[in-house]
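# Understanding the architecture of this molecule
Residue strings, one per chain:
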Amino acid sequence: MSIVLDNISYVYGAHTPYEKKALDGVTLEIHEGEFLGIIGHTGSGKSTLVQHLNGLLHPTSGKVTVNDVDLADKTEEARNMRHTVGMVFQYPEHQLFEETIAKDIAFGPRNLGLSGEEVDERVREAMKFVGLDYDTYAERSPFHLSGGQMRRVAIAGVVALNPSYLILDEPSAGLDPFGREEIFDEIIRLHKEKGITVALVSHNMEDISRMATRLIVLDGGHVILDDEPLTIFMHHREELQKAGVDVPPVSVLMETLKHRGLPVSTEVRNVDDAVMAIEKALKEQEVHHAE
Ligand SMILES: Nc1ncnc2c1ncn2[C@@H]1O[C@H](COP(=O)(O)OP(=O)(O)O)[C@@H](O)[C@H]1O
Ligand SMILES: [Mg+2]
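Residues numbered from 1 in each chain as written. Chains lettered and ligands numbered in written order. Predicted model: local features only at pLDDT ≥ 70, side-chain atom pairs only at ≥ 80, totals over all residues. Heavy atoms only, no water.

An unreviewed UniProt entry annotates the protein as Energy-coupling factor transporter ATP-binding protein EcfA2 originating from Veillonella magna. Per UniProt, the comment on the protein under Sequence similarities (unreviewed entry) is "Belongs to the ABC transporter superfamily. Energy-coupling factor EcfA family." Looking at the Function (unreviewed entry) heading of the UniProt record, one finds this comment for the protein: "ATP-binding (A) component of a common energy-coupling factor (ECF) ABC-transporter complex." (UniProt positions renumbered as here; feature names shortened; annotations may be inferred.)

### Points about the overall build of the protein
When helices and strands are counted, the protein shows twelve helices and ten strands. Along the first, second and third principal axes, the C-alpha atoms of the protein reach 75 × 50 × 35 Å. Residues classed as buried in the protein amount to 49% of the 291 residues present. Looking at the protein alone, contacts between residues at least 24 apart form 60% of all its contacts between residues at least 6 apart. (Helix = DSSP H or I, 4+ residues; strand = E, 2+ residues; numbered from the N terminus. Buried < 20%, exposed > 50% of the residue type's maximum accessible area, 1.4 Å probe, protein only. Contact = heavy atoms within 4.5 Å.)

### Comments concerning helix α12 (residues 271–290)
Over its 20 residues, α12 extends 29 Å from the first C-alpha to the last, a length consistent with the 28 Å expected when each residue adds 1.5 Å. Within α12, the full set of buried residues consists of A274, A277 and A281. Down the axis of α12, the sector holding all buried residues measures 70°, keeping them to one side. Residues D272, M276, K280, K283, E286 and A290 are exposed on α12 and point more than 90 degrees away from its buried face. (Expected span 1.5 Å × (residues − 1). Arc of directions from axis to C-beta.)

### A few points about unusual backbone geometry
Located in the positive-phi region is H15, a residue other than glycine, with phi close to 60°. Mapped onto the secondary structure, H15 falls in the loop between β1 (2–12) and β2 (20–31). Given the relative accessible area of 78%, H15 is considered exposed. Within the chain, D68 stands out as a residue other than glycine whose phi angle is a positive 75°. The topology assignment puts D68 in the loop between β4 (61–66) and β5 (69–70). Given a relative accessible area of 75%, D68 falls into the exposed group.

### Observations concerning the UniProt feature "domain: ABC transporter" (unreviewed entry) in the protein
UniProt records the feature "domain: ABC transporter" (unreviewed entry) for residues 3–245 in the present numbering. Along residues 3–245, the helical share is 38% and the strand share 26%, with 26 Å between the first and last C-alpha atoms.

### Some points on the packing of aromatic side chains
Summed over the entire model, instances satisfying the criterion amount to two aromatic pairs. Measuring from ring centre to ring centre gives 4.9 Å for Y10 and Y12, while their planes differ by 80°; the resulting arrangement is edge-to-face. When its relative accessible area of 13% is taken as the criterion, Y10 is described as buried. On the basis of relative accessibility, which here comes to 33%, the residue Y12 falls in the partly exposed class. Pairing F97 with F107 gives two aromatic rings, centres 5.1 Å apart and planes at 80°, and the pair type is edge-to-face. Pair noted here: F97 is in the loop between β6 (85–88) and α3 (101–111) and F107 is in helix α3, with a separation of ten residues, a long-range link. Stacked on the ring of Y134, the Lys or Arg R124 has its end atom at 3.9 Å from the ring centre. (Phe/Tyr/Trp six-rings, centres within 6.5 Å; stacked < 30°, edge-to-face > 60°. Lys NZ or Arg CZ within 6 Å of the ring centre and 35° of its normal.)

Here is the structure:
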């Protein structure tokens, strides 16, 4: 079970003066259970890439399959397979349109042809999952919520479709730090508790390094790096810089300390790790000096 991109290219506005090749020979397999981070400079092709994962865009050349079904097929099987891939767009609150939160979340499941009872069940479960109390919120308008809450409603609408794969395009864009934490905690829970395969687009390395089990870096429509996040930070800093991707400051700090002679581990993902690594290195130094 996986999503496979087989040598796909995508051209916007083919045969017009605005022709633009946004993806150029991308080959990639997203495995079940994975948490894939997708990073790259603005315009590197991230959004174009993820829109291929549920058949919103079809490649100009190459092929996209989900669980071995070609998404470009005009069969019922291909249509059903597209529904196993849930997509949360950048600024998903722009997709909200029903007058109540419950109706908004029910829209997708209803379109799947489920019975009223099943739809209601899905809505309740999805709201519970994203931490919106049904009795409090079901009948409220989605347009009077905070930015973070609106995004939760949008994510609940996708969760209610019971997808096997969840694709998120910059889900924290424009949120304050609190809203970002909320959204990321939720995504981590979806991955851990529901076992959903996640592909998350971000331009924030620290967010990605905290969550992703694997990272790809896009540059000019090409996948230039594909590895564990930590391996990429530690060993491919130059390529990252060339691709216009910022490296987490905490990684830079650890490298600097090491160069200055403090024997710290540079294998850190966040500030907590860094504090532990620095304390450990300082203790070791003290012991060393006392001897
Ligand atoms: N609808 C479109 N029409 C024409 N060109 C587009 C369109 N959408 C994106 N592009 C171009 O394709 C390239 C990749 O864009 P995109 O996938 O949005 O990158 P990212 O999400 O990494 O910022 C960019 O050069 C962008 O200008
Ligand atoms: Mg984008």
